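Residues per chain are reported as follows:
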Amino acid sequence: DVTGRPIGMIGVGQDITARKQVEQEKSRVAQELQTFIDTANAPIFGCDALGLVNEWNNKSVEITGFSREEAMGQDLVKVYISEEFRDQVSMVLTNALRGQETANFEFPLFTKNQQRVEVLLNATTRRDVTGRSIGVIGVGQDITARKQVEQEKSRVAQELQ
């Protein structure tokens, strides 16, 4: 009014239903992708730009014996790779951080019980929404049994000569 006292209110509203639906769909897709990673029948791990584990799926747990909680935040190369292969694995991860991805790289991984597991690895660059490299995703395959069969075939072939 003329004395400065409020006599009413004006409000402006905006329908944000569509935006909320998009946000919910993004969340659903992200959860679905995380479920795919967690339940994949291949070891999948991730590490940040410093080489610290930030992804460790169920198959990684099964193969290594290290729980997700034990693995998260650990230096992947120093903790899980034997000394003789650390330089090679480190180079594969460094190259992936630079955008040079590696396919079919074989290396041994050691389990919680110090068992050697042979892994065939594909290392892929992980990027943020701007395209900047922020880490590496590794998708592996346990090839221990295949390697043992190959070694046995070689041994038998040598005996037959």
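All values reported here derive from a predicted model rather than from experimental measurement.

Novice: Would you mind showing me how to read the pattern of salt bridges here?
Specialist: Think of it this way: side chains of opposite charge can pair up when their charged atoms draw near. Applying the stated rule across the entire model yields 14 salt bridges. The closest approach of N and O atoms between Lys112 and Glu70, which form a salt bridge, is 2.6 Å. Of this pair, Lys112 sits in the loop between strand S3 (102-110) and strand S4 (116-127) while Glu70 sits in helix H3 (residues 68-71), and the two are 42 residues apart along the sequence. The partly exposed category is assigned to Lys112, whose relative accessible area is 41%. One network of salt bridges, in which partners are shared, links Glu106, Arg146, Lys147 and Glu150.

Novice: Mind showing me how you'd approach the sheet that holds S4 here?
Specialist: Across a sheet, strands are paired by hydrogen bonds formed along the backbone, either parallel or antiparallel in direction. Pairing within the open sheet is antiparallel, and its five strands lie in the order S2-S1-S5-S4-S3. Each edge of the open sheet carries a strand with a single partner, namely strand S2 (53-56) and S3. On average, each strand axis in the sheet is tilted by 30° relative to the strand beside it, whichever way the strands run. Here S3 runs beside S4; their pairing, made up of seven bridges, is antiparallel.

Novice: For this particular structure, what's the right way to read unusual backbone geometry?
Specialist: With the exception of glycine, the majority of residues adopt a negative phi angle, and the majority of peptide bonds are in the trans configuration. Non-glycine residue Asn104 carries a positive phi angle of around 60°. As for its placement among the helices and strands, Asn104 is situated in strand S3. We classify Asn104 as exposed; its relative accessible area is 53%. Despite not being glycine, Gln114 has its phi angle at roughly 65°, a positive value.

Criteria and cut-off values
- Residues numbered from 1 in each chain as written.
- Predicted model: local features only at pLDDT ≥ 70, side-chain atom pairs only at ≥ 80, totals over all residues.
- Heavy atoms only, no water.
- Salt bridge = Lys/Arg side-chain N within 4 Å of Asp/Glu carboxyl O.
- Helix = DSSP H or I, 4+ residues; strand = E, 2+ residues; numbered from the N terminus.
- Buried < 20%, exposed > 50% of the residue type's maximum accessible area, 1.4 Å probe, protein only.
- Pairing = 2+ DSSP bridges.
- Axes fitted to C-alpha atoms, helices over the stretch in contact; angles between N-to-C directions.

Keep in mind these numbers describe shape, not what the thing actually does.
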